[in-house]
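Spelled out from the first residue to the last, the chains are:
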Amino acid sequence: MQQPTSISKTVQLNQQQRQSSRSSTYNSLAARSCVAPNLWLVFALFTCLNLSGYAQRTDTVLRAFDADTTSWRYKMENGGERWQRGRAAKDFQLFVKWHYPASDSLIRLRANVSYYGTGTLYWLNGAAEVEIAAAGITPQNKDSFLYHITVNDSIEVQSWASPTEFRTTNGLTYAYLGKFRAKQKLIRLELYRKNRYYDRSVSIFNDLYMPAPRLQSIVVNHTNQYLFRPHQQHYIPNNKQFHFSREQWEKGRIKFDWSDSINHLAVSMDPTVQNDLYNVYLKRTIGKKIDTAYISNAWELSYYGSSPFLRINSSFFNKAGQYEIMVVPEVPGDFRKNNMARAIVVPFTVQAANNTLFSLREMLSALGVLFLSGVVLVTYLQRRNKNRLALAARQREMARLQLTSVRARLNPHFLFNALAGIQNLINKNDMGAANLYLSRFARITRSALNENKTDLISISEEVKLLDDYLQMEQLRFNFSYHIETSGDIDDVNTEIPAMLIQPFVENAVKHGVAPLGEKGLIKVLLKRENNNLVVTVQDNGSGFDEALQPGGMGLELSRKRIELLNNFHQEPPLVLKINSGTNGTTVLITLQNWL
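Residues numbered from 1 in each chain as written. Predicted model: local features only at pLDDT ≥ 70, side-chain atom pairs only at ≥ 80, totals over all residues. Heavy atoms only, no water.

## Let's talk about the overall build of the protein chain
On a plain count of helices and strands, the protein chain comes out with 11 helices and 29 strands. When burial is assessed residue by residue, the protein chain has 40% of its 595 residues classed as buried. For the protein chain, the accessible area works out to roughly 33100 Å², and carbon and sulfur atoms hold 52% of it. (Helix = DSSP H or I, 4+ residues; strand = E, 2+ residues; numbered from the N terminus. Buried < 20%, exposed > 50% of the residue type's maximum accessible area, 1.4 Å probe, protein only. Areas by Shrake-Rupley, 256 points an atom, 1.4 Å probe, with all protein chains shown as cover.)

What follows is the structure, given as structure tokens:
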């Protein structure tokens, strides 16, 4: 792996631009010390004598923020032990005590605190030791809590356990979690109440511990899209990702041709304590021009693993030249510190793209041929569809004429049978029954003539027609009948083909129950099955041989009508089944997906 040499000045320049104004304050104080050396000497001696009380004086200033003398914070910070408040949880409050070396300078910046969700990060800035305590955890409730401590995110110094050591200050008993050496270390504390791990407190104490980043992979990602010059589009590989091995980047052998299809370059590394401390720069040498661009420190986490990765957009390296990816560990703010010795540098070369798919003239010629082919194809398809629609229209008109013919033959057949019944009553000299028969026949005839104007009628109208017809035939043959429509059908607004059921009912009367007299029974049932409408016509006659298909002209015309109705649809909506035996005949008409 190549170590950074000439890049340090560029990175330092970026750091200086992001430095705080604290250093200028320190320089101002130093300049004043030259003007009044005697005064500064007296002040320095006075301060050195009171150095041990620095934290206590800070506590005195902070005391005004918590005037409640019964609170944990007041008792801990005013107990004379120099405790300072840490982050609070629901059931406890952390307190921290810093120990700086005796040689610590006067104007050293003390620990700074950052918050990351449920975690707290303390930048120690040279503290030699750290003590940690938890108020709210006592010998009485200690078994309800667990804590765990690791150093440098790898060494476990305290396995998961309940606190065992307790101390008292200012009348408050608290759990003492230990004293730890912190010089250039990272101490991680997790503390939570049992059964509430989601509400745990995570505290990280970092004294500029910055492990060197370890890269896992470097991948060049391509896309399908033509991003810039369509007529000079470079070669797009079938494999949209190119992975470079560790051996390749450690020996500086990463080379690839530029292509407009390149979308970004992805760099991934091993997970760290805090990924955003690792900043990525890109040094570019294009001809005689050399510059360094700051990319980002916003590492992303993959859905497929714990390794963070960062994308470098192709706009940063879209020209042929020499490039260097630099992953530099840095700490933020007033603790700014370069770890250039731990930075990783990965050089790679982008070569000029000479491979194009086609020239501008070839592209225009191809577009012309495609356009003419498209015009011919569209014209052919339009003409073929026009002929197909015309044929379908002719077939539909022919089917409609055939259906009209069948309906025209059904009505005279019905009228002939009705008149034959009236004649029979007159021959029997049963004038009362004949008159009643005639009145119902007149109403049925009027309904039949009205139905000739439409193909569909409502279920309620069809049932009314059946009721009139069965009452009329009941005068002749004295049988019983029953018509039922299930309650989950909207019989007023649901329509079916006109006179769909009547021919089957007429067949049940003539060939089924007529010879039985008072013992004859006809049942008509309309019910719903899912989205289907199922019509059942049942009689208790002697039945017939289904192979011979008897039943008269009305039944034959009804079969033909159903066949023609199905021709109007891609999927036949009407299904007719007739089951006949010695105990009677059942006609089942299913109107599929009708409701």
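## Topic: the sheet that holds strand β5 (residues 129-135)
Ordered in space as β1-β2-β5-β9-β8, the five strands form an open sheet in which the pairing is antiparallel. Because the sheet does not close on itself, it has two edges, and the strands there are β1 (84-88) and β8 (166-169). Sheet twist, expressed as the mean angle between neighbouring strand axes with direction ignored, is 35 degrees. In the sheet, β1 pairs with strand β2 (residues 93-99) via three bridges, with the strands oriented antiparallel. Bridging across to β2, A88 finds its partner in Q93. (Pairing = 2+ DSSP bridges. Axes fitted to C-alpha atoms, helices over the stretch in contact; angles between N-to-C directions.)

## What to know about the packing of aromatic side chains
For the structure shown, the criterion picks out 15 aromatic pairs. Centre to centre, the rings of Y122 and F205 are 4.7 Å apart; their planes meet at 10 degrees, and the pair counts as stacked. Taken as a pair, Y122 in strand β4 (residues 119-123) and F205 in strand β11 (residues 201-206) lie far apart in primary sequence, 83 residues in all. Assessed through its relative accessible area of 3%, Y122 is described here as buried. A relative accessible area of 1% places F205 in the buried class. Pairing W160 with Y192 gives two aromatic rings, centres 5.5 Å apart and planes at 75 degrees, and the pair type is edge-to-face. On the criterion of sequence distance, the pair formed by W160 in strand β7 (residues 155-161) and Y192 in strand β10 (residues 186-193) is long-range, its members being 32 residues apart. Judged by relative accessible area, which is 36%, W160 ranks as partly exposed. (Phe/Tyr/Trp six-rings, centres within 6.5 Å; stacked < 30°, edge-to-face > 60°.)

## Topic: the nonpolar core
Most often, soluble globular proteins keep nonpolar side chains buried together rather than apart. If you look at the biggest cluster of nonpolar residues, it comprises 40 residues, and the most contacted ones within it are I501, V505, I522 and L591. Per-element accounting of this core gives the leading share, seven residues, to helix α9 (residues 459-477). Counting 35 residues, the second largest nonpolar core, distinct from the first, contains L186, I204, F244 and F348. (Core = buried A, V, L, I, M, F, W, Y, C linked by side-chain atoms within 4.5 Å.)

## Side note on the sheet that holds strand β29 (residues 584-591)
Pairing is mixed across the open sheet formed by five strands, whose spatial order is β24-β26-β27-β29-β28. This sheet does not close on itself; its edge strands, each paired only once, are β24 (480-485) and β28 (574-581). Geometrically, the sheet is characterised by an average inter-axis angle of 10 degrees between neighbouring strands, direction not taken into account. Pairing of β28 with β29, which is carried by eight bridges, proceeds in the antiparallel orientation. Note on β29: the bridge partner recorded for L574 is L591. The strands that α9 touches are β24, β26 (521-529) and β27 (532-539); relative to β24, the one it contacts most, it runs at about 175 degrees. (Contact = heavy atoms within 4.5 Å.)

## Topic: the layout of surface pockets
Empty space among the atoms can be located by rolling a probe the size of a water molecule over them. As a volume, the second largest pocket reaches approximately 360 Å³. Where the lining of the second largest pocket is concerned, the elements lending two or more residues are β12 (215-222), β13 (241-244), β15 (262-269) and β19 (308-313). Classifying every residue of the lining of the second largest pocket by side-chain character gives six nonpolar, 10 polar and one charged. (1 Å grid on protein atoms, 1.4 Å probe; cavity = no way out; pocket = protein on both sides within 12 Å on 5 of 7 lines; lining within 4 Å. Points joined across faces, edges and corners; volume = space filled by probe spheres on them. Nonpolar A, V, L, I, M, F, W, Y, C, P; charged D, E, K, R; others polar.)

## Regarding a nonpolar patch on the surface
Taken together, L364, L367 and L370 make up a surface patch of nonpolar side chains, about 310 Å² in accessible area. Looking at the secondary structure, you find L367 in helix α7 (residues 360-427). We classify L367 as partly exposed; its relative accessible area is 48%. (Patch = residues over 30% accessible without salt bridge, like charges linked within 9 Å, V, L, I, M, F, W, Y side chains within 5 Å. Salt bridge = Lys/Arg side-chain N within 4 Å of Asp/Glu carboxyl O.)

## Some remarks on the pairing of β7
Relative to β7, strand β6 (residues 145-151) runs antiparallel, the two being bridged by four bridges. Looking at the pairing, V151 lines up with I155 of β7. Hairpin connection of β6 to β7: three residues between the antiparallel strands, including N152 at a positive phi of 55 degrees.

## Looking at helix α10 (residues 502-513)
In this model α10 runs 15 Å from its N-terminal to its C-terminal C-alpha over 12 residues, within 8% of the 16 Å that 1.5 Å per residue would give. Taking burial as the measure, the 12 residues of α10 include 10 buried ones, the bulk of the element. Looking only at α10, the buried set comprises Q502, P503, F504, V505, E506, N507, A508, V509, G512 and V513. (Expected span 1.5 Å × (residues − 1).)

## Here we look at α9
Here α9 is 19 residues long and its end C-alpha atoms lie 26 Å apart, about the 27 Å a rise of 1.5 Å per residue gives. Where α9 is concerned, the buried positions are I459, E462, V463, L465, L466, D468, Y469, L470, Q471, M472 and E473.

## A look at the pattern of salt bridges
The final tally for this structure, using the stated rule, is 13 salt bridges. When the shortest N-O distance is used, the salt bridge between K179 and E129 registers 4.0 Å. Within this pair, whereas K179 is found in strand β9 (residues 172-181), its partner E129 is found in strand β5, the two being separated by 50 residues in sequence. With a closest N to O distance of 3.9 Å, E190 and R188 form a salt bridge. The partly exposed category is assigned to R188, whose relative accessible area is 23%. Linked by salt bridges that have partners in common, D91, R193 and R196 make up one network.

## What about the side chain of S203?
With respect to the helices and strands, the residue S203 is situated in strand β11. Among the residues examined, S203 registers a relative accessible area of 0% and is labelled buried. Beyond its immediate sequence surroundings of up to four residues, S203 is in contact with L94, T120, Y122, I187, R188 and L189.

## Some remarks on the environment of W594
Mapped onto the elements, W594 comes out in the segment after β29. C-alpha separation for the pair W594 and P573, spaced 21 residues apart in sequence, amounts to 7.6 Å. Among the polar contacts listed, one links the side chain of W594 to the backbone oxygen of E495, at a separation of 2.7 Å. (Polar contact = N/O pair within 3.5 Å; in protein donor to acceptor, adjacent residues only side chain to side chain.)

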